[in-house]
Amino acid sequence: MKISIVACLTLLLLFTVMASSGEPAAVLAQGAGSPAATPPQNTADANAGKKDPNAKGGDEEKKAEKLITDGYVPEPVAPGRELPLHGNFKDAGAWYLVLTKVDDKTYRVPAILGRVNDEKTAVTFNIPLELKNGRYFGAIQLDSVDGKSNKFEPVPGELIVPAPAALKVTVEKVQPKDAYPYPNANNKYDFEIAGTNFSRNLPDNHVLINGVQLPLRCQGCLSKDANYPELLADEDSPTTKLIVHDYTPPGYSNPLEVSVRVGSGDNLAKAPKPLMFSSISRNRLQVYALGSFLLAVGFLFVIVQTRAKRRGDKFWSLRGFLIDQDTNSYSLSKFQLTLFTLVTIF
(Lines give C-alpha, C1' and ligand atoms only; values in the text may rest on other atoms or scores of the structure.)
Protein backbone atom coordinates (compact mmCIF):
# COMPACT_ATOMS: atom_id res chain seq x y z
CA MET A 1 0.00 0.00 0.00
CA LYS A 2 2.74 2.36 0.93
CA ILE A 3 4.68 1.38 -2.16
CA SER A 4 1.76 2.20 -4.46
CA ILE A 5 1.21 5.61 -2.83
CA VAL A 6 4.91 6.49 -3.20
CA ALA A 7 4.84 5.36 -6.82
CA CYS A 8 1.83 7.54 -7.58
CA LEU A 9 3.39 10.59 -5.98
CA THR A 10 6.63 10.00 -7.91
CA LEU A 11 4.80 9.79 -11.26
CA LEU A 12 2.80 12.97 -10.47
CA LEU A 13 5.97 14.87 -9.60
CA LEU A 14 7.65 13.69 -12.82
CA PHE A 15 4.76 14.88 -15.04
CA THR A 16 4.70 18.25 -13.29
CA VAL A 17 8.43 18.86 -13.94
CA MET A 18 8.12 17.88 -17.59
CA ALA A 19 5.16 20.25 -18.20
CA SER A 20 6.83 23.26 -16.61
CA SER A 21 10.10 22.83 -18.58
CA GLY A 22 8.42 22.27 -22.01
CA GLU A 23 6.17 25.42 -22.17
CA PRO A 24 8.99 28.11 -22.37
CA ALA A 25 10.67 26.07 -25.07
CA ALA A 26 7.53 26.22 -27.18
CA VAL A 27 7.18 29.98 -26.71
CA LEU A 28 10.79 30.76 -27.67
CA ALA A 29 10.53 28.60 -30.74
CA GLN A 30 7.41 30.36 -31.88
CA GLY A 31 8.95 33.86 -31.38
CA ALA A 32 12.08 33.03 -33.29
CA GLY A 33 10.65 31.33 -36.33
CA SER A 34 7.07 32.58 -36.93
CA PRO A 35 6.40 35.95 -38.75
CA ALA A 36 3.05 36.20 -37.09
CA ALA A 37 4.79 36.86 -33.81
CA THR A 38 6.18 40.26 -35.01
CA PRO A 39 4.17 43.21 -33.42
CA PRO A 40 2.61 45.90 -35.74
CA GLN A 41 5.01 48.70 -36.50
CA ASN A 42 4.26 52.51 -36.49
CA THR A 43 4.90 53.79 -40.02
CA ALA A 44 6.25 57.13 -38.82
CA ASP A 45 8.63 55.46 -36.39
CA ALA A 46 9.76 52.95 -38.99
CA ASN A 47 10.82 55.75 -41.37
CA ALA A 48 12.28 57.99 -38.70
CA GLY A 49 15.78 56.82 -39.42
CA LYS A 50 15.36 57.49 -43.15
CA LYS A 51 14.68 61.25 -42.83
CA ASP A 52 16.97 63.73 -44.54
CA PRO A 53 19.60 64.78 -41.97
CA ASN A 54 19.55 68.31 -43.48
CA ALA A 55 15.80 68.68 -43.15
CA LYS A 56 14.61 71.51 -40.86
CA GLY A 57 12.53 70.96 -37.80
CA GLY A 58 8.89 71.87 -37.51
CA ASP A 59 9.52 75.27 -35.90
CA GLU A 60 12.04 76.27 -38.54
CA GLU A 61 9.72 75.23 -41.36
CA LYS A 62 6.93 77.39 -39.96
CA LYS A 63 9.30 80.33 -39.66
CA ALA A 64 10.44 79.95 -43.27
CA GLU A 65 6.83 80.01 -44.46
CA LYS A 66 6.00 83.24 -42.62
CA LEU A 67 4.64 85.85 -45.02
CA ILE A 68 5.18 89.17 -43.26
CA THR A 69 8.65 90.18 -42.11
CA ASP A 70 9.17 89.53 -38.40
CA GLY A 71 9.01 92.63 -36.22
CA TYR A 72 7.49 94.85 -38.89
CA VAL A 73 5.08 97.39 -37.44
CA PRO A 74 3.11 99.42 -40.01
CA GLU A 75 2.96 103.18 -39.61
CA PRO A 76 -0.36 104.71 -38.49
CA VAL A 77 -2.91 103.86 -41.15
CA ALA A 78 -4.88 106.68 -42.75
CA PRO A 79 -7.86 106.68 -45.10
CA GLY A 80 -6.79 107.38 -48.66
CA ARG A 81 -3.18 106.41 -48.01
CA GLU A 82 -1.28 103.27 -48.90
CA LEU A 83 -0.29 100.55 -46.44
CA PRO A 84 2.80 98.59 -47.53
CA LEU A 85 3.65 95.24 -45.94
CA HIS A 86 7.06 93.66 -46.48
CA GLY A 87 7.79 89.96 -46.60
CA ASN A 88 7.53 86.98 -48.94
CA PHE A 89 4.73 87.24 -51.50
CA LYS A 90 5.97 84.99 -54.29
CA ASP A 91 2.83 82.84 -54.46
CA ALA A 92 0.62 83.56 -57.45
CA GLY A 93 -2.87 84.78 -56.72
CA ALA A 94 -4.81 87.69 -55.25
CA TRP A 95 -3.65 89.15 -51.93
CA TYR A 96 -6.27 90.73 -49.69
CA LEU A 97 -6.18 92.71 -46.45
CA VAL A 98 -8.97 91.88 -44.01
CA LEU A 99 -9.64 94.44 -41.25
CA THR A 100 -11.63 93.90 -38.07
CA LYS A 101 -12.45 96.79 -35.72
CA VAL A 102 -11.33 95.96 -32.20
CA ASP A 103 -14.20 97.64 -30.35
CA ASP A 104 -16.93 96.98 -32.93
CA LYS A 105 -16.97 93.52 -34.46
CA THR A 106 -20.15 94.36 -36.37
CA TYR A 107 -18.40 97.06 -38.42
CA ARG A 108 -17.69 95.50 -41.80
CA VAL A 109 -14.77 96.54 -43.98
CA PRO A 110 -14.67 95.00 -47.47
CA ALA A 111 -11.52 93.03 -48.19
CA ILE A 112 -8.88 95.28 -49.78
CA LEU A 113 -7.08 93.96 -52.86
CA GLY A 114 -3.30 94.43 -52.72
CA ARG A 115 -0.63 95.18 -55.32
CA VAL A 116 2.59 93.13 -55.22
CA ASN A 117 5.84 94.73 -56.38
CA ASP A 118 8.03 93.23 -59.10
CA GLU A 119 10.47 91.74 -56.60
CA LYS A 120 7.61 89.99 -54.73
CA THR A 121 8.93 91.42 -51.47
CA ALA A 122 6.12 93.86 -50.66
CA VAL A 123 2.38 94.14 -51.10
CA THR A 124 0.61 97.52 -50.97
CA PHE A 125 -3.01 98.10 -49.99
CA ASN A 126 -5.00 101.30 -50.67
CA ILE A 127 -6.92 102.11 -47.51
CA PRO A 128 -10.50 103.23 -48.37
CA LEU A 129 -11.42 106.85 -47.74
CA GLU A 130 -14.51 105.91 -45.72
CA LEU A 131 -12.59 103.89 -43.12
CA LYS A 132 -13.49 105.00 -39.57
CA ASN A 133 -10.82 105.97 -37.08
CA GLY A 134 -10.00 103.48 -34.34
CA ARG A 135 -8.03 100.30 -33.66
CA TYR A 136 -8.08 97.39 -36.07
CA PHE A 137 -6.78 93.86 -36.29
CA GLY A 138 -5.47 93.06 -39.74
CA ALA A 139 -4.76 89.87 -41.63
CA ILE A 140 -3.55 89.14 -45.14
CA GLN A 141 -5.17 86.43 -47.19
CA LEU A 142 -4.03 84.76 -50.41
CA ASP A 143 -6.57 83.43 -52.86
CA SER A 144 -4.22 81.29 -54.91
CA VAL A 145 -4.61 80.64 -58.60
CA ASP A 146 -4.87 76.88 -58.18
CA GLY A 147 -7.18 77.19 -55.19
CA LYS A 148 -5.09 74.73 -53.20
CA SER A 149 -2.39 76.91 -51.64
CA ASN A 150 -4.51 79.59 -49.96
CA LYS A 151 -2.82 81.33 -47.04
CA PHE A 152 -3.91 83.45 -44.10
CA GLU A 153 -1.71 85.33 -41.64
CA PRO A 154 -2.37 88.15 -39.12
CA VAL A 155 -0.56 91.46 -39.42
CA PRO A 156 1.76 92.01 -36.42
CA GLY A 157 0.32 94.33 -33.81
CA GLU A 158 -2.68 96.62 -34.19
CA LEU A 159 -3.41 99.03 -37.03
CA ILE A 160 -4.17 102.48 -35.60
CA VAL A 161 -6.32 104.87 -37.63
CA PRO A 162 -6.09 108.34 -36.00
CA ALA A 163 -8.83 110.93 -36.14
CA PRO A 164 -8.79 113.18 -39.26
CA ALA A 165 -7.64 116.20 -37.24
CA ALA A 166 -4.47 114.35 -36.19
CA LEU A 167 -3.62 113.64 -39.84
CA LYS A 168 -4.10 117.19 -41.17
CA VAL A 169 -1.23 118.12 -43.48
CA THR A 170 0.44 121.52 -43.21
CA VAL A 171 3.19 123.21 -45.24
CA GLU A 172 5.13 125.79 -43.27
CA LYS A 173 7.91 126.71 -45.70
CA VAL A 174 9.25 125.94 -49.15
CA GLN A 175 12.77 126.97 -50.02
CA PRO A 176 15.43 126.04 -52.57
CA LYS A 177 18.48 124.22 -51.27
CA ASP A 178 20.33 126.47 -53.71
CA ALA A 179 18.55 129.20 -55.67
CA TYR A 180 20.89 128.65 -58.61
CA PRO A 181 20.89 125.65 -60.96
CA TYR A 182 23.59 123.01 -60.74
CA PRO A 183 25.87 123.15 -63.82
CA ASN A 184 26.91 119.52 -63.30
CA ALA A 185 23.27 118.33 -63.18
CA ASN A 186 22.02 119.82 -66.44
CA ASN A 187 21.03 123.06 -64.69
CA LYS A 188 18.46 121.47 -62.37
CA TYR A 189 17.36 122.51 -58.89
CA ASP A 190 16.67 121.00 -55.46
CA PHE A 191 14.11 122.39 -53.03
CA GLU A 192 12.82 121.46 -49.57
CA ILE A 193 9.29 121.35 -48.20
CA ALA A 194 8.86 121.72 -44.44
CA GLY A 195 5.55 120.85 -42.80
CA THR A 196 3.74 118.24 -40.71
CA ASN A 197 2.03 114.86 -41.18
CA PHE A 198 3.78 113.83 -44.37
CA SER A 199 3.63 110.10 -45.01
CA ARG A 200 6.60 107.83 -44.38
CA ASN A 201 5.46 105.96 -47.46
CA LEU A 202 6.83 108.26 -50.18
CA PRO A 203 4.29 107.34 -52.91
CA ASP A 204 1.57 108.82 -50.68
CA ASN A 205 3.13 112.31 -50.89
CA HIS A 206 2.03 114.25 -53.99
CA VAL A 207 3.69 117.58 -54.84
CA LEU A 208 1.73 120.11 -56.89
CA ILE A 209 3.24 123.08 -58.74
CA ASN A 210 0.75 125.83 -59.59
CA GLY A 211 -2.07 123.35 -59.01
CA VAL A 212 -0.67 120.64 -61.32
CA GLN A 213 0.67 117.40 -59.83
CA LEU A 214 4.39 116.98 -60.43
CA PRO A 215 5.37 113.53 -61.79
CA LEU A 216 7.97 112.10 -59.43
CA ARG A 217 10.04 108.98 -58.98
CA CYS A 218 10.78 107.65 -55.51
CA GLN A 219 11.36 104.51 -53.51
CA GLY A 220 8.17 102.51 -53.92
CA CYS A 221 6.74 104.72 -56.68
CA LEU A 222 5.31 103.04 -59.75
CA SER A 223 7.16 105.41 -62.08
CA LYS A 224 10.88 104.75 -62.57
CA ASP A 225 11.47 107.34 -65.31
CA ALA A 226 14.93 108.85 -64.74
CA ASN A 227 13.80 112.10 -66.36
CA TYR A 228 11.36 112.78 -63.52
CA PRO A 229 12.49 114.65 -60.39
CA GLU A 230 13.18 112.43 -57.39
CA LEU A 231 11.21 112.68 -54.15
CA LEU A 232 13.21 112.08 -50.98
CA ALA A 233 12.49 112.28 -47.26
CA ASP A 234 14.81 113.74 -44.66
CA GLU A 235 16.37 110.84 -42.75
CA ASP A 236 16.00 112.54 -39.35
CA SER A 237 12.45 113.87 -39.87
CA PRO A 238 10.69 111.95 -42.68
CA THR A 239 7.22 113.18 -41.72
CA THR A 240 8.16 116.88 -41.52
CA LYS A 241 10.57 117.45 -44.41
CA LEU A 242 10.45 116.40 -48.06
CA ILE A 243 13.13 117.04 -50.68
CA VAL A 244 12.55 117.31 -54.42
CA HIS A 245 15.79 116.54 -56.27
CA ASP A 246 16.71 117.42 -59.88
CA TYR A 247 13.71 119.64 -60.57
CA THR A 248 13.49 121.58 -63.84
CA PRO A 249 11.09 124.53 -63.47
CA PRO A 250 8.94 125.59 -66.43
CA GLY A 251 10.42 128.51 -68.30
CA TYR A 252 9.70 131.97 -66.90
CA SER A 253 6.83 130.79 -64.69
CA ASN A 254 8.09 132.35 -61.44
CA PRO A 255 6.78 132.50 -58.83
CA LEU A 256 5.83 128.87 -58.24
CA GLU A 257 2.96 127.97 -55.91
CA VAL A 258 3.80 124.70 -54.12
CA SER A 259 1.23 122.42 -52.49
CA VAL A 260 1.40 118.94 -50.95
CA ARG A 261 -1.42 116.40 -50.91
CA VAL A 262 -1.06 113.23 -48.85
CA GLY A 263 -3.07 110.24 -50.02
CA SER A 264 -5.90 110.20 -52.53
CA GLY A 265 -8.30 112.40 -50.58
CA ASP A 266 -8.52 116.15 -50.03
CA ASN A 267 -5.81 116.33 -47.35
CA LEU A 268 -3.92 119.16 -49.08
CA ALA A 269 -1.87 122.11 -47.85
CA LYS A 270 -0.41 125.09 -49.71
CA ALA A 271 2.87 126.84 -48.97
CA PRO A 272 2.42 130.33 -47.50
CA LYS A 273 5.01 131.87 -49.85
CA PRO A 274 5.88 131.06 -53.46
CA LEU A 275 9.07 129.33 -54.54
CA MET A 276 11.62 131.39 -56.49
CA PHE A 277 14.55 130.21 -58.58
CA SER A 278 17.25 132.05 -60.49
CA SER A 279 16.98 131.54 -64.24
CA ILE A 280 20.75 131.77 -64.68
CA SER A 281 23.68 130.06 -63.00
CA ARG A 282 25.72 131.59 -60.21
CA ASN A 283 28.82 132.00 -62.40
CA ARG A 284 26.88 133.67 -65.19
CA LEU A 285 25.28 136.04 -62.71
CA GLN A 286 28.71 137.07 -61.44
CA VAL A 287 29.88 137.76 -64.99
CA TYR A 288 26.77 139.85 -65.66
CA ALA A 289 27.25 141.79 -62.43
CA LEU A 290 30.89 142.55 -63.17
CA GLY A 291 30.03 143.62 -66.72
CA SER A 292 27.24 145.90 -65.46
CA PHE A 293 29.59 147.54 -62.95
CA LEU A 294 32.31 148.17 -65.53
CA LEU A 295 29.73 149.54 -67.94
CA ALA A 296 28.33 151.96 -65.35
CA VAL A 297 31.80 153.19 -64.31
CA GLY A 298 32.85 153.51 -67.94
CA PHE A 299 29.75 155.53 -68.77
CA LEU A 300 30.45 157.88 -65.84
CA PHE A 301 34.10 158.21 -66.91
CA VAL A 302 33.10 159.16 -70.47
CA ILE A 303 30.66 161.83 -69.21
CA VAL A 304 33.31 163.39 -66.96
CA GLN A 305 35.94 163.41 -69.71
CA THR A 306 33.55 164.94 -72.24
CA ARG A 307 32.62 167.76 -69.92
CA ALA A 308 36.28 168.36 -69.05
CA LYS A 309 37.19 168.69 -72.72
CA ARG A 310 34.42 171.17 -73.39
CA ARG A 311 35.48 173.37 -70.48
CA GLY A 312 39.13 173.18 -71.46
CA ASP A 313 40.22 171.75 -68.13
CA LYS A 314 43.85 170.80 -67.87
CA PHE A 315 42.90 167.46 -66.28
CA TRP A 316 40.77 165.44 -68.69
CA SER A 317 42.37 162.01 -68.42
CA LEU A 318 41.92 159.55 -65.51
CA ARG A 319 43.05 162.31 -63.15
CA GLY A 320 40.16 164.43 -64.33
CA PHE A 321 37.82 161.62 -63.25
CA LEU A 322 39.29 161.41 -59.75
CA ILE A 323 40.32 165.04 -59.05
CA ASP A 324 37.95 167.97 -58.73
CA GLN A 325 39.16 170.92 -60.82
CA ASP A 326 37.75 173.52 -58.44
CA THR A 327 39.37 172.24 -55.27
CA ASN A 328 42.30 170.42 -56.88
CA SER A 329 41.55 167.44 -54.57
CA TYR A 330 40.03 164.00 -54.93
CA SER A 331 36.38 164.09 -55.84
CA LEU A 332 34.48 162.31 -53.06
CA SER A 333 31.19 162.56 -54.91
CA LYS A 334 32.49 160.56 -57.88
CA PHE A 335 34.24 158.09 -55.59
CA GLN A 336 31.07 157.59 -53.55
CA LEU A 337 29.02 157.14 -56.70
CA THR A 338 31.42 154.42 -57.80
CA LEU A 339 31.19 152.62 -54.44
CA PHE A 340 27.41 152.85 -54.37
CA THR A 341 27.25 151.38 -57.86
CA LEU A 342 29.55 148.54 -56.78
CA VAL A 343 27.48 147.72 -53.70
CA THR A 344 24.17 147.90 -55.58
CA ILE A 345 25.23 145.51 -58.32
CA PHE A 346 27.09 142.97 -56.19
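Residues numbered from 1 in each chain as written. Predicted model: local features only at pLDDT ≥ 70, side-chain atom pairs only at ≥ 80, totals over all residues. Heavy atoms only, no water.

## Brief notes about the overall build of the protein
In step 1: Counting secondary structure elements, the protein contains 6 helices and 17 strands.
In step 2: Residues counted as buried form 31% of the 346 residues belonging to the protein.
In step 3: In the protein, 59% of the contacts between residues at least 6 apart in sequence involve partners at least 24 apart. (Helix = DSSP H or I, 4+ residues; strand = E, 2+ residues; numbered from the N terminus. Buried < 20%, exposed > 50% of the residue type's maximum accessible area, 1.4 Å probe, protein only. Contact = heavy atoms within 4.5 Å.)

## A short note on the sheet that holds strand E9 (residues 189-196)
In step 1: The strand order E8-E9-E13-E12 describes an open sheet built from 4 strands, whose pairing is antiparallel. Every interior strand has two partners, whereas the edge strands, strand E8 (170-176) and strand E12 (230-233), have only one. On average, each strand axis in the sheet is inclined to that of its neighbour by 20 degrees, with strand direction left out of account. (Pairing = 2+ DSSP bridges. Axes fitted to C-alpha atoms, helices over the stretch in contact; angles between N-to-C directions.)

## Examining empty space enclosed by the protein
In step 1: Taken as a whole and judged by the stated rule, the model has 1 cavity of 30 Å³ or more.
In step 2: Considering only enclosed or pocket space, the largest cavity measures out at about 30 Å³ in volume.
In step 3: As for the largest cavity, its lining consists of Glu75, Pro76, Val77, Ala78, Arg81, Glu82 and Leu83.
In step 4: When its residues are assigned to classes, the lining of the largest cavity shows 4 nonpolar, no polar and 3 charged. (1 Å grid on protein atoms, 1.4 Å probe; cavity = no way out; pocket = protein on both sides within 12 Å on 5 of 7 lines; lining within 4 Å. Points joined across faces, edges and corners; volume = space filled by probe spheres on them. Nonpolar A, V, L, I, M, F, W, Y, C, P; charged D, E, K, R; others polar.)

## Observations concerning the state of the cysteines
In step 1: Per the counting criterion, the structure on display carries 1 disulfide.
In step 2: For cysteine 218, the disulfide goes to cysteine 221, at an S-S distance of 1.7 Å. Across the S-S bond of cysteine 218 and cysteine 221 the torsion is about 80 degrees, and the bridge reads as right-handed. With respect to burial, cysteine 218 and cysteine 221 carry one shared label: buried. (Disulfide = S-S within 2.5 Å.)

## With respect to the pattern of salt bridges
In step 1: Going through the model one piece at a time under the given rule, you end up with 6 salt bridges.
In step 2: Notably, a salt bridge pairs glutamate 230 with arginine 217, separated by 3.6 Å at the nearest N-O pair. Taken as a pair, glutamate 230 in strand E12 and arginine 217 in the loop between strand E11 (212-213) and E12 lie far apart in primary sequence, 13 residues in all. (Salt bridge = Lys/Arg side-chain N within 4 Å of Asp/Glu carboxyl O.)

## Regarding the packing of aromatic side chains
In step 1: Summed over all chains, the structure comprises 3 aromatic pairs.
In step 2: When the ring of phenylalanine 89 is compared with that of tryptophan 95, the centres are 5.1 Å apart and the planes differ by 90 degrees; the resulting orientation is edge-to-face. With respect to class, phenylalanine 89 is no different from tryptophan 95; both count as buried.
In step 3: Ring centres of tyrosine 107 and tyrosine 136 lie 6.4 Å apart, and the angle between their planes is 55 degrees; on these two criteria the pair is classed as tilted. Within this pair, whereas tyrosine 107 is found in the loop between strand E2 (93-101) and strand E3 (112-116), its partner tyrosine 136 is found in strand E5 (residues 134-144), the two being separated by 29 residues in sequence.
In step 4: Residue tyrosine 107 is classed as buried on the basis of its relative accessible area, which comes to 17%.
In step 5: Its guanidinium or amino end placed over the ring of tyrosine 136, lysine 101 lies 5.9 Å from that ring's centre, counting from NZ or CZ. (Phe/Tyr/Trp six-rings, centres within 6.5 Å; stacked < 30°, edge-to-face > 60°. Lys NZ or Arg CZ within 6 Å of the ring centre and 35° of its normal.)

## Let's talk about the nonpolar core
In step 1: Ranked by size, the top nonpolar core spans 26 residues in total, and within it Phe191 and Ile193 carry the most contacts.
In step 2: Going through the elements one at a time, E8, E9, strand E10 (205-209), strand E13 (241-247) and strand E14 (258-262) are the ones with two or more residues in this core.
In step 3: When neighbours within four sequence positions are excluded, phenylalanine 191 is seen to be in contact with Val174, Gln175, Pro176, Lys177, Ile209, Leu242, Ile243, Val244, Tyr247, Leu275 and Phe277.
In step 4: Listed in part, the 22 residues of the second largest apolar core include Ile68, Ile112, Ile127 and Ile140. (Core = buried A, V, L, I, M, F, W, Y, C linked by side-chain atoms within 4.5 Å.)

## Quick look at unusual backbone geometry
In step 1: Positive phi, normally seen in glycine, also occurs at lysine 120, with a value near 60 degrees.
In step 2: For lysine 120, the location among the structural elements is in the loop between E3 and strand E4 (122-126).
In step 3: Positive phi is not limited to glycine here, since aspartate 246 has a value of about 60 degrees.
In step 4: In this structure, aspartate 246 sits in strand E13.

## Some remarks on the pairing of E2
In step 1: Relative to E5, E2 runs antiparallel, the two being bridged by 9 bridges. The partner of leucine 99 across the bridge, within E5, is glycine 138.
In step 2: Bridging between E2 and E3 involves 2 bridges; their strand directions are antiparallel. Bridge pairing in E3 links tyrosine 96 to leucine 113.

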